[in-house]
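Examining the three-dimensional arrangement
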Amino acid sequence: VTAAELFLGKVLFQGKTNNDMIKVMMETMGPFSGRMIRSHLLQTKKHPLPVHFSQVASNYVFRQETIDPVLGQAVHKEISLVNTFKPTLQSKLLKARSPKDTRTDVLKF
C-alpha cells in the first residue's frame with residue numbers, strides 16, 4: 001500500500017496481468033527510465049521472464065499485450081514511449097482532495 005493509495009482510497013495500479021499494471025504505471029507516473037528498461041531487457045536474457053519492452057532504433061517501446069477475442073491468443077502491440085505516456089498522478093490526487101485541502105498541500109503530498 002502506498003501513500004497515494006491511502007489518500008485515494010483505492011488501488012493505484014490495477015490490472016489483470018503484469019503487463020496491464022506496467023501500462024497503468026506509465027500512464028500514471030510517466031515512462032520508465034532508459035536505465036530501468038535496459039535492466040529489464042538484461043534480466044529477460046538471463047531468466048525466463050516475459051519481455052515487456054523492446055528497442056527499436058535508438059528508442060524503447062512498450063510491448064502491450066492483449067488477448068485476441070477470436071483466437072484467444074496473446075497479441076503484442078508496440079507503443080512508443082516518446083510523447084505517449086504523460087504523468088497523471090497529480091491530477092488524480094487533486095480530484096480526490098477534500099474541500100479543506102489546498103492545492104499546494106496536495107501537491108506537497
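Predicted model only: the values in this text are computed from it and were never measured.

This part is about the overall build of the protein. The helix and strand inventory of the protein stands at five helices and three strands. Counting from the amino terminus, helix and strand elements in the protein follow one another as α-α-α-β-β-β-α-α. Relative to a compact globule of 109 residues, whose C-alpha radius of gyration would be 13 Å, the protein shows 17 Å and is clearly more extended. In terms of its C-alpha atoms, the protein occupies a principal-axis envelope of roughly 50 × 35 × 25 Å. Here the protein, with 109 residues, has 26% of them falling under the buried criterion. For the protein, long-range pairs separated by at least 24 residues make up 38% of all intrachain contacts whose partners lie at least 6 apart in sequence.

Within the secondary structure, Thr 104 sits in helix α5 (residues 103-108). Residues Thr 104 and Thr 28, spaced 76 residues apart in sequence, show a C-alpha to C-alpha distance of 20 Å.

Parts of the model with low pLDDT should not have their predicted coordinates read in detail. The predicted model of the protein averages 87 in pLDDT, with 98% of residues at 70 or higher. Within the protein, helix α3 (residues 34-46) carries the highest mean pLDDT (94), whereas helix α4 (residues 89-96) carries the lowest (79).

The antiparallel open sheet is built from three strands, whose spatial order is β1-β2-β3. Of all the strands in the sheet, the pair left with one neighbour each is β1 (53-56) and β3 (74-80). Averaged over all adjacent pairs, the angle separating strand axes in this sheet is 40 degrees, with direction ignored. Looking at chain direction, strand β2 (residues 59-67) and β3 are connected through seven bridges and run antiparallel. The residue bridging Thr 66 from the neighbouring strand is Val 75, located in β3.

With that out of the way, let us pick up the pattern of salt bridges. Working definition: two side chains of opposite charge can pair if their charged atoms are close together. Going through the model one piece at a time under the given rule, you end up with one salt bridge. We note a salt bridge from Glu 27 to Lys 23, for which the minimum N-O separation is 2.5 Å. Note that Glu 27 and Lys 23 are positioned in helix α2 (residues 18-29) at a spacing of four residues, about one turn of the helix. Using a relative accessible area of 30% as the deciding quantity, one classes Glu 27 as partly exposed.

Criteria and cut-off values
- Residues numbered from 1 in each chain as written.
- Predicted model: local features only at pLDDT ≥ 70, side-chain atom pairs only at ≥ 80, totals over all residues.
- Heavy atoms only, no water.
- Helix = DSSP H or I, 4+ residues; strand = E, 2+ residues; numbered from the N terminus.
- Rg over C-alpha atoms; globule rule 2.2 N^0.38 Å.
- Buried < 20%, exposed > 50% of the residue type's maximum accessible area, 1.4 Å probe, protein only.
- Contact = heavy atoms within 4.5 Å.
- pLDDT = per-residue confidence, 0-100.
- Pairing = 2+ DSSP bridges.
- Axes fitted to C-alpha atoms, helices over the stretch in contact; angles between N-to-C directions.
- Salt bridge = Lys/Arg side-chain N within 4 Å of Asp/Glu carboxyl O.

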